Amino acid sequence: MSHLTTTVLGCVCLNGPLMSAEIRVAPSGDDQAAGTSEAPMRTMQAALDRAVAGDSVIVTKGIYLERVTLNKSGVEGKRIVVTASPRRSVILEGVLITGSYITFQGFQITNGFSTVVGEGIECKDGDCNELLDNYIFEVQRYGLESHGRNRVIGNKIHKICQGLVASGKGYLIENNEISRIYNYGYLDGDYARFFGDDAIWRGNYFHGNLPNERAGHPDGFQTFDDNGDHVKNILFERNIVGNTIAATMIQSWYSRNSESLTFRNNVFFDMAQGINAGVPKCIVENNVFYNIRQYGIIGPNVAQRNNIFYNCKTASGSDYNLYYKVQQKKAGPTSLVDVDPLFVDAEHGDFHLKPGSPAIDAGDPTSPVPPGGGSRIDIGAFEFTSAAK
């Protein structure tokens, strides 16, 4: 049987399974059993210890009071695939992955069923792993850590001390939801911390912090270099971030070798501060800053255009931005000042443009027009396309 493959950020990922064996786990099983549907194993750890490249471990519904370790590796074209069946019906205390070419999908991870305190999913020392569609909740340290050229897609992380941490080269963090950074008394919590090179954060949704629950100074995206790490060539696009202190906190005070971050088509709402871009060569374009109690964007050498600042205390920038209900502003001559962008329903989180919005076709004429757009790119995070007209 042939299988279509795709290459994502340097890793070859199979769209269809290629397995040499299937190992089944059930609460009623026995670790000495064959691991079949008729004779499943009892614990996930025993099944993971038995798995080799190409195997699929299928765990059936139940609460497994285990903190498991997966130190085996698959190979290109023969991944080790670990799946909860049905999806999110299996509860674990945590998982540590140190191998490569592992797919781990569909589980619930929590510290809430025991006295165990630790990370939810920790993926380190390997490459080309996939963490997909997991629900991580009530974890008293990091919800999810991914170190390496991995894909982290479609996970939900709720009521945790620290949301998602990623480092490495060429990783992808996409379509994850993080809500309620909670002060368990261990860490200064953020939605996300990022390090490394040539990575993408796309389509993530961070929200739901409550002032009486959060730990320390929670930020949307935070990075720093006093740990010896750095950031370079990282793209943030189509993310929605709200209910926090700052959209970003980007610091490079020690090695000063961080640079080149791009923020494009994001929405930042209901927070004290917008983008703090403390590294050179940052691009901030086609974003929405809504209900920002202090500044919209600060930082040296930030190239910004096509952004909307709505109900902000201060906002200053270059040309082709839109400012509405901004108390203190510094705008370029081609920007739109004191003009309502006519969002569809900003109060309920819809920042698309209505027909007739002054932001339509008002962006930088040198910016490429997205598919379906008009004669020029719009100002704001969502292009008013022909389908919406």
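Cut-offs used in this document
- Residues numbered from 1 in each chain as written.
- Predicted model: local features only at pLDDT ≥ 70, side-chain atom pairs only at ≥ 80, totals over all residues.
- Heavy atoms only, no water.
- Helix = DSSP H or I, 4+ residues; strand = E, 2+ residues; numbered from the N terminus.
- Rg over C-alpha atoms; globule rule 2.2 N^0.38 Å.
- Buried < 20%, exposed > 50% of the residue type's maximum accessible area, 1.4 Å probe, protein only.
- Contact = heavy atoms within 4.5 Å.
- Areas by Shrake-Rupley, 256 points an atom, 1.4 Å probe, with all protein chains shown as cover.
- Lys, Arg positive; Asp, Glu negative; His and termini not counted.
- Charge placed at Lys NZ, Arg CZ, Asp CG, Glu CD.
- Disulfide = S-S within 2.5 Å.
- Patch = residues over 30% accessible without salt bridge, like charges linked within 9 Å, V, L, I, M, F, W, Y side chains within 5 Å.
- Salt bridge = Lys/Arg side-chain N within 4 Å of Asp/Glu carboxyl O.
- Phe/Tyr/Trp six-rings, centres within 6.5 Å; stacked < 30°, edge-to-face > 60°.
- Lys NZ or Arg CZ within 6 Å of the ring centre and 35° of its normal.
- pLDDT = per-residue confidence, 0-100.
- Core = buried A, V, L, I, M, F, W, Y, C linked by side-chain atoms within 4.5 Å.
- Polar contact = N/O pair within 3.5 Å; in protein donor to acceptor, adjacent residues only side chain to side chain.
- Pairing = 2+ DSSP bridges.
- Right-handed = clockwise from strand over helix to strand, strands pointing away.

Caption draft 1: Seen up close, the overall build of the protein chain. The secondary structure content of the protein chain amounts to one helix and 34 strands. For 389 residues, the compact-globule estimate of 2.2 N^0.38 gives 21 Å, and the protein chain sits close to it at 23 Å. Its C-alpha atoms give the protein chain principal-axis dimensions of roughly 75 × 50 × 40 Å. Expressed as a percentage of its 389 residues, the buried residues of the protein chain come to 55%. If you take every contact in the protein chain between residues at least 6 apart in sequence, the share linking residues at least 24 apart comes to 51%. As displayed, the protein chain has an accessible area near 15,600 Å², and 50% of this comes from carbon and sulfur atoms. A gap of 2 Å separates the mean positions of the 35 positive and 42 negative side-chain charges of the protein chain.

Caption draft 2: How the structure looks around the environment of Ala246. Following the sequence through the fold, Ala246 ends up in strand β22 (residues 240–250). You can call Ala246 buried: its relative accessible area is 0%. Separated by 124 residues in sequence, Ala246 and Pro370 place their C-alpha atoms 29 Å apart. If we ignore the near neighbours within four places in the chain, the residues touching Ala246 are His217, Pro218, Asp219, Gly220, Met271, Gln273 and Gly274.

Caption draft 3: The arrangement of unusual backbone geometry in detail. Along the chain, Ser85 connects to Pro86 via a cis peptide bond; the corresponding omega equals -5°. Inspection of the secondary structure assignment puts Pro86 in strand β6 (residues 80–92). Positive phi, normally seen in glycine, also occurs at Asn243, with a value near 60°. Mapping Asn243 onto the fold places it in strand β22. In this structure, Ser260 takes a positive phi of about 65° despite not being glycine. Its place among the elements puts Ser260 in strand β23 (residues 259–264).

Caption draft 4: Local environment of the state of the cysteines. Per the stated rule, a full pass over the model turns up zero disulfides. Left unpaired, Cys312 is separated from the closest cysteine sulfur, that of Cys282, by 19 Å. Residue class for Cys312 comes out buried when judged on its relative accessible area of 2%.

Caption draft 5: Main features of a nonpolar patch on the surface. A cluster of nonpolar side chains, contributed by Ile63, Leu65 and Phe113, occupies part of the molecular surface with about 300 Å² of accessible area. Examined against the element boundaries, Leu65 turns out to sit in the loop between β4 (56–63) and β5 (67–70). Residue classification places Leu65 among the exposed positions, given a relative accessible area of 54%.

Caption draft 6: How the structure looks around the packing of aromatic side chains. Scanning the entire structure with this criterion turns up 20 aromatic pairs. Judged by centre distance (5.1 Å) and plane angle (45°), the rings of Tyr290 and Tyr310 are tilted. Here Tyr310 lies in strand β29 (residues 308–316) and Tyr290 lies in strand β26 (residues 288–295), a separation of 20 residues in the sequence. Lying over the aromatic face of Tyr182, Lys159 brings its terminal NZ or CZ to 4.7 Å of the ring centre.

Caption draft 7: Highlighting the environment of Tyr323. By secondary structure assignment, the location of Tyr323 is in strand β30 (residues 322–324). The exposure class of Tyr323 is buried, given its relative accessible area of 0%. In the structure, Tyr323 is positioned 12 residues away from Asn311 in sequence and 8.4 Å away in space, judged by C-alpha atoms.

Caption draft 8: Region of the structure containing the confidence of the model for the protein chain. Confidence in the prediction of the protein chain, expressed as mean pLDDT, is 91, and 93% of residues score 70 or more. Here residues 1–8 is modelled with pLDDT under 50, and outside its nearest four sequence neighbours on either side it reaches 16 contacts, counting other chains as well. Every residue in residues 14–19 is under pLDDT 50, and counting partners more than four places away or in other chains gives 15 contacts.

Caption draft 9: Looking closely at the nonpolar core. Among the nonpolar cores identified, the biggest contains 70 residues, and Phe104, Phe107, Phe194 and Trp201 are the most heavily contacted of them. Here this core gets five residues from one element, more than from any other, and that element is β6. Apart from residues lying up to four places away in sequence, Phe194 is in contact with Ala166, Tyr171, Trp201, Phe221, Gln222, Thr223, Val231, Ile234, Phe236, Ile250 and Leu261. Counting residues in each nonpolar core, the second largest holds 17 residues, with Ile308, Tyr310, Leu322 and Phe351 among its members.

Caption draft 10: Quick look at the side chain of Ser179. Along the polypeptide, Ser179 turns up in strand β16 (residues 177–181). By relative accessible area, which is 5% here, Ser179 ends up buried. At 2.7 Å, the side chain of Ser179 forms a polar contact with the side chain of His158. Ser179 has contacts with Ile157, His158, Lys159 and His207, leaving out every residue within four places of it along the chain.

Caption draft 11: Molecular detail of the pairing of strand β3 (residues 22–25). Residues Ile23 and Val25 line the buried face of β3, whereas the alternating positions Glu22 and Arg24 sit on a face that is not buried. Examined bridge by bridge, β3 and β4 share four bridges and lie parallel to one another. Following the sheet pairing, Arg24 is matched in β4 by Ile58. Each parallel crossover has a hand, and for β3 linked through helix α1 (residues 44–50) to β4 it is right-handed.

Caption draft 12: How the structure looks around the pattern of salt bridges. Considering all chains together, one arrives at 18 salt bridges under this definition. One salt bridge in this structure joins Glu130 and Arg79, with 3.5 Å as the shortest N-O distance. Of this pair, Glu130 sits in strand β11 (residues 130–132) while Arg79 is found in the loop between β5 and β6, placing the two residues 51 residues apart along the sequence. With respect to class, Glu130 is no different from Arg79; both count as buried.

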